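What follows is each chain in one-letter form.
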Amino acid sequence: MKSQSNFSEASDDKTVWQLFLAGNVEAFEYLMSAHFRRLFQYGSKFSKDQEFVKDCIQDLFLILWEKRENLGNDIAVKPYLMASLRRLMHRAISSKSWMAGESLDEKEGSFELEFSVEQEYIDHESTLARTRQLEKLLGELPKRQKEVIYLKYFQEMSRDQISEIMSVSPQTVSNLLQIAIKQLKKHWKAEFLTFFVIHLFI
Amino acid sequence: MDRYNHYTVEDFVWDVFFRQWVLSPTRETDIAWNEWAENNPEKSDAIQQARSIVLSMRLNEPEISEPEIREVINRTLSRIRTHSPEFAPNEEPVKRPFYRAMWLQVAASVAFLMLSAWIGYSFYNKKEAKQSGEYTYADAGKDLLLVEKVNTTSANMLVSLSDGSKITLSPKGRIRYPEQFVDAKREVYLEGEAFFEISKDPDHPFFVYAHGLITKVLGTSFRIKAYELSDEVTVEVKTGRVSVFAQSDPDVVEKASNRELEGVVLNPNQKIIYTREEVRMIKTLVEKPEIVLPKTEVPQFEFEDTPVSEAFVSIGKAYGIDILFDEELLKGCPLTATLDNQTLHEKLTIICKAVEASYEILDGQVVIHSKGCRN
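All of the points below concern the structure found in this document. Everything numeric in this text was worked out from a predicted model, so none of it was measured.

Cut-offs applied
Residues numbered from 1 in each chain as written. Chains lettered and ligands numbered in written order. Predicted model: local features only at pLDDT ≥ 70, side-chain atom pairs only at ≥ 80, totals over all residues. Heavy atoms only, no water. Helix = DSSP H or I, 4+ residues; strand = E, 2+ residues; numbered from the N terminus. Buried < 20%, exposed > 50% of the residue type's maximum accessible area, 1.4 Å probe, protein only. Core = buried A, V, L, I, M, F, W, Y, C linked by side-chain atoms within 4.5 Å. Contact = heavy atoms within 4.5 Å. Buried area = accessible area lost by both parts, 1.4 Å probe. Salt bridge = Lys/Arg side-chain N within 4 Å of Asp/Glu carboxyl O. Polar contact = N/O pair within 3.5 Å; in protein donor to acceptor, adjacent residues only side chain to side chain. Pairing = 2+ DSSP bridges.

**Some thoughts on the environment of Ser167(A)**
All names here are of chain A. Within the fold, serine 167 resides in the loop between helix H8 (159-165) and helix H9 (170-201). Using a relative accessible area of 32% as the deciding quantity, one classes serine 167 as partly exposed. Each C-alpha atom, one on serine 167 and one on alanine 83, is 7.3 Å from the other, the two residues being 84 residues apart in sequence.

**Details of the nonpolar core**
Counting 85 residues, the largest nonpolar core has Phe20(A), Phe61(A), Ile149(A) and Phe12(B) as the members making the most contacts within it. The residues touching Ile149(A), leaving out its near neighbours within four places in the chain, are Leu138(A), Leu141(A), Phe154(A), Leu177(A), Ala180(A), Ile181(A), Leu184(A) and Trp14(B). Formed by 31 residues, the second largest nonpolar core is a distinct cluster that contains Ile175(B), Ala194(B), Ile224(B) and Val264(B).

**Some words on the interface of chain A and chain B**
The figure often quoted for interface size is the accessible area lost as the parts come together. At the interface, 68 residues of chain A touch 55 residues of chain B. Carbon and sulfur atoms make up 64% of the area that chain A and chain B hide from each other, which totals about 5800 Å². Put simply, chain A and chain B have eight salt bridges between them. With a shortest N-O distance of 3.6 Å, Lys67(A) and Glu360(B) are connected by a salt bridge. If you look at where chain A meets chain B, you find 14 residue pairs in polar contact (both at pLDDT 80 or more). At the level of elements, helix H2 (25-43), helix H3 (50-66), helix H4 (77-99), strand E1 (115-117), helix H6 (125-140), helix H7 (143-154) and H9 of chain A are the ones that each hand at least two residues to the side of chain A that touches chain B. Here the element with the most residues in the side of chain A that touches chain B is H3(A); it accounts for 10 residues. By the bridge criterion, three bridges tie E1(A) to strand E1 (residues 57-59) of chain B in an arrangement that is antiparallel. What sits directly across from Ser116(A), in E1(B), is Arg58(B).

Laid out in structure tokens, this is it:
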């Protein structure tokens, strides 16, 4: 813990990153502890195996350390780390499923979001129904749309950051978001209506 | 905030500004939204409902405690410390062989785990494995009529096989092969280093057994290094495709008999490093990749304001290597350069410098990292 004291809260990611590039182990440690939780949360969307996610993060940082002389010194650290972890995990997962003889599209592409509905915030039954409906619809979105929604609404990332993390163009991010939201709203309305009608008849 | 006048509940739920106010209100957002709600009393129901939904939909993030995080960090630190020269000042700063590079180890770690499982399995079924052909060079083919050639000279030795295949045996290399290939499989046993040019015959796949590694080809040229005293076996492909697998692989029989190439498949300019001790395979590129296209089809690598993506495609094609990059990001990056006389790595380095990108070799492919050009 002592090493972290060398980095005041004022040290921004960029400064730490440059120290890290220069081979400073304390900067390395700081980077890793500052980003670990978020990376872990993100990584867990690709695999439920927590040990595997931890190993991937460890590997990610070892790779970065190893390659630090070839890394850019003016990068946005957070999206860069997330993008790198994403790539690394995709590769690891696809070779893992290849080894296990599973078909790729089955395993490679999962992005799982789990929600819980906190009822304490809900005062009407109709709101509860709507929330549950939304939860279900979110779960049915294609994985890339789910990932965009997650990064945008639950990690509060900007369009450019998301585009970097998922290595797609900013335009693609916008498109994915638009399609996803449209989908959520459309079905929501339709299904909500059915729900309502059924209730009227019961 | 006029745009909110026609918002429905679901519009609010997916509005970033609205969510910010609900989830982490500040004085400013509070004032803005309260004022808006006062002016739009007909929306108060919608706002109330959207608010409940946003608040109640909680994403379940996995739990991880600080000590757990600490543990991983400490583990990682101890690994970089044992690797960093600055923490071992008395040690000669040895340049580590490139295949020791961490990313390669990572790329191979999964393969490593699986192979460990295989080993365990084959240990378990040792008898079966014996039958499926586990042997050392020394007892290979004792019960068969095999010719042995040993290169005791200091020059390369050319060995011709009955099917027209040619083997260039390096000094000190030994090879055993049948005088006539009569079986469905063409099988030879190698110790040391050799370059193989195998004549094409898909009905009779060609197998090289070397130090625990099986290389299966249909017709191609490649080099194998399997020195007796070294733990490593490498296979480098020049043309065609080969597949390699460990003898310890429990599926070895099936893989060997299948007409398709299975196991780790290598393309031209790719290379596998198989470490016997650690039982892992690492796929990478040969040190000096060569152009695989016939001379007449090799394009000129002269680029003038060419989109860099085109340059990558043309180079990838010439070397028969996959170069992965983000088309969208590199769209706006023009490249002007003449790169006819450079090696693949020089070409890539120069191009990456020019468009502020970087590259790495991963699993036998080139991966371009770029943030795009904004001009």
